[in-house]
Amino acid sequence: MITIDAAPGPVPIDPDRSALVIIDMQRDFLEPGGFGASLGNDVTRLARTIGPCSALLGLARERAITVIHTREGHRADLTDAPRSKLERGAASLRIGDVGPLGRILIRGEPGHDIVPALHPLPGEPVIDKPGKGAFYATDLHAILRNRGIEALIVCGVTTEVCVHTTVREANDRGYRCIVAGDCCGSYFPEFHEVGLRMISAQGGIFGWVSDSARILSAFGRPAAPRSFGSHTRLRSTN
Ligand code: TIU
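Now for a quick tour of the structure. Note that the structure is predicted; figures quoted are calculated from it, not measured.

1. Observations regarding the overall build of the protein chain
In terms of helices and strands, the protein chain carries nine helices and 10 strands. A globule of 238 residues ought to have a C-alpha radius of gyration of about 18 Å, and the protein chain, at 17 Å, matches this closely. The dimensions of the protein chain, computed from C-alpha atoms along their principal axes, are 50 × 35 × 35 Å. The proportion of buried residues among the 238 residues of the protein chain is 51%. For the protein chain, long-range pairs separated by at least 24 residues make up 73% of all intrachain contacts whose partners lie at least 6 apart in sequence.

2. Focus on the sheet that holds strand E4 (residues 66–72)
Sheet strands line up and pair through hydrogen bonds in the backbone, either parallel or antiparallel. The strand order across the open sheet built from six strands is E7-E4-E3-E8-E9-E10, with neighbouring strands paired in parallel fashion. On the outer flanks of this sheet lie strand E7 (126–129) and strand E10 (208–210), each paired with one strand and no other. Neighbour to neighbour, the strand axes of the sheet diverge by 25° on average, direction disregarded. Note that strand E3 (residues 18–23) and E4 share five bridges and pair parallel. Bridging across to E4, Val21 finds its partner in Ile68.

3. Brief notes about the packing of aromatic side chains
Evaluation of the coordinates by the stated rule reveals three aromatic pairs. Ring centres 4.8 Å apart and planes at 35° place the aromatic pair Phe188 and Phe191 in the tilted group. Given the relative accessible area of 34%, Phe188 is considered partly exposed. For Phe191, a relative accessible area of 40% translates into the label partly exposed.

Thresholds applied
- Residues numbered from 1 in each chain as written.
- Predicted model: local features only at pLDDT ≥ 70, side-chain atom pairs only at ≥ 80, totals over all residues.
- Heavy atoms only, no water.
- Helix = DSSP H or I, 4+ residues; strand = E, 2+ residues; numbered from the N terminus.
- Rg over C-alpha atoms; globule rule 2.2 N^0.38 Å.
- Buried < 20%, exposed > 50% of the residue type's maximum accessible area, 1.4 Å probe, protein only.
- Contact = heavy atoms within 4.5 Å.
- Pairing = 2+ DSSP bridges.
- Axes fitted to C-alpha atoms, helices over the stretch in contact; angles between N-to-C directions.
- Phe/Tyr/Trp six-rings, centres within 6.5 Å; stacked < 30°, edge-to-face > 60°.

Take a look at the structure:
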């Protein structure tokens, strides 16, 4: 067992029964021309998450901790996309439309892929999810149960949408979730801040909040160098 310094208090985890879950670090959310940008967002706000995510990914791979990647997206024929989702918002380009990164939020298109610095290795499960939560209409719960996982270290984007939904779903299924705050990001800085506070408030109402430095430290590793989010960082292969 190791203990991670977190809010609202230290949380013990068994690394052999823990998984690193990296939510939707896809080009469609992090790069210009994708889904996030089509909704009118400043996607450069998410770039700062790649360095810390990469540090935790490196740690997990080194320590043979289960790594799960998720991707939000839909079938090419859009049969798994609710009409309410397709019609939502005043997007300049909607789900399924052709943009600079291919068809928006469609599986197999360039924009649907995970950013190069965090690309999955063979053997790391990739969960393709049609919704915001990673448990809805996926086999994530089965995969975690079959590996005896009881705690999740959660990274990804966006804090108040897919990270929150997934952590709430995981909490209700009995997983202890430790959200790495600097590994998560939002197009809205205030939503990120308040989103993290909502998780750990009320004695940790649906999880704990820590950061990459404290998680690395719990594993006896120094903190990763701080990265400053520029678009060039996005293109790096780390
Ligand atoms: N738009 C937005 O903030 N997020 C999403 O739609 N999906 C995820 O958070 N991955």
